[in-house]
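Residue-level structural notes
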Amino acid sequence: MAELLTGDVRENANRAGNMMRSKFYVCPICGNVVHAMGEGSFSCCGVQLMPQEAEDADEDDAHRVHVERIENDWYLTLDHPMTKQHYLSFAAYVTSDTVSLKKLYPEQSPEVRFPMRGSGLLYVFCNQHGLFRLKTPRIQRTR
């Protein structure tokens, strides 16, 4: 509706066959998170949301994600502040057919467990610095 009122109509090409093309949109006002299986047009709190561009978590020491396998889970920990002003808002695990999203809150410990579902991408969103991503470690097969 907002696009129609402003005259900025975008055609939405649906190329949503692979969850690995997922996009995350975050409202800068209320922190609402929208997941889309591709590009889309979303607004929240009267603001047009832009897709978050993920930076590599391995290249940013302040947002480095430590991943280890515990039983059949990926266990993510970060050495990151979790104050009311600066915190991780969510973590996500995306595979070719599944998205798991976990909400994080200020003053909570910055750690998350996701059931392993194969190789994929892990994301964390910092409310001040944006979205960070890394690939899941290779799964060592046991005989």
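First, a word on what this report is: a plain description of the structure on this page. (Residues numbered from 1 in each chain as written. Predicted model: local features only at pLDDT ≥ 70, side-chain atom pairs only at ≥ 80, totals over all residues. Heavy atoms only, no water.)

Our next topic: the sheet that holds strand 8 (residues 88-94). The sheet built from five strands is open, its strands ordered 5-12-11-8-9 with mixed pairing. The open sheet terminates on both sides in strands that have one partner only, identified here as strand 5 (55-56) and strand 9 (99-103). The pairing of strand 8 with strand 11 (residues 121-126) spans six bridges and is classified as antiparallel. Across the sheet, Phe 90 pairs through a bridge with Phe 125, a residue of strand 11. (Pairing = 2+ DSSP bridges. Helix = DSSP H or I, 4+ residues; strand = E, 2+ residues; numbered from the N terminus.)

To continue, consider the environment of Ser 41. As for its placement among the helices and strands, Ser 41 is situated in the loop between strand 2 (33-36) and strand 3 (42-44). For the pair Ser 41 and Pro 51, spaced ten residues apart in sequence, the C-alpha to C-alpha distance is 9.0 Å.

Here we take up the nonpolar core. With 19 residues, the main nonpolar core has Val 65, Leu 76, Leu 88, Phe 114, Leu 122 and Val 124 as its most contacted residues. Broken down by secondary-structure element, the contributors of at least two residues to this core are strand 7 (73-78), strand 8, strand 10 (111-115), strand 11 and strand 12 (130-135). With near-sequence residues (within four places) excluded, Leu 88 lies in contact with Leu 78, His 80, Pro 81, Met 82, Leu 104, Tyr 105, Pro 110, Phe 125 and Cys 126. If you look at the next biggest cluster of nonpolar residues, it comprises ten residues, including Met 19, Val 26, Phe 90 and Leu 131. (Core = buried A, V, L, I, M, F, W, Y, C linked by side-chain atoms within 4.5 Å. Buried < 20%, exposed > 50% of the residue type's maximum accessible area, 1.4 Å probe, protein only. Contact = heavy atoms within 4.5 Å.)

What follows deals with the pattern of salt bridges. Across all of its chains, the model carries five salt bridges by this definition. For Asp 56, the salt bridge identified is with Arg 133, shortest N-O distance 3.8 Å. Linking Asp 56 in strand 5 with Arg 133 in strand 12, this pair joins segments that are 77 residues apart in sequence. Residue classification places Arg 133 among the partly exposed positions, given a relative accessible area of 29%. Glu 71 is the partner of Arg 113 in a salt bridge, and the nearest nitrogen-oxygen pair spans 3.8 Å. Of this pair, Arg 113 sits in strand 10 while Glu 71 sits in the loop between strand 6 (65-70) and strand 7, placing them 42 residues apart in sequence. Taking the relative accessible area as the measure of exposure, Arg 113 reaches 32% and is therefore partly exposed. If you follow the salt bridges from partner to partner, you end up with Glu 71, Asp 73 and Arg 113 in one network. (Salt bridge = Lys/Arg side-chain N within 4 Å of Asp/Glu carboxyl O.)

The values reported here are purely geometric and, on their own, carry no functional implication.
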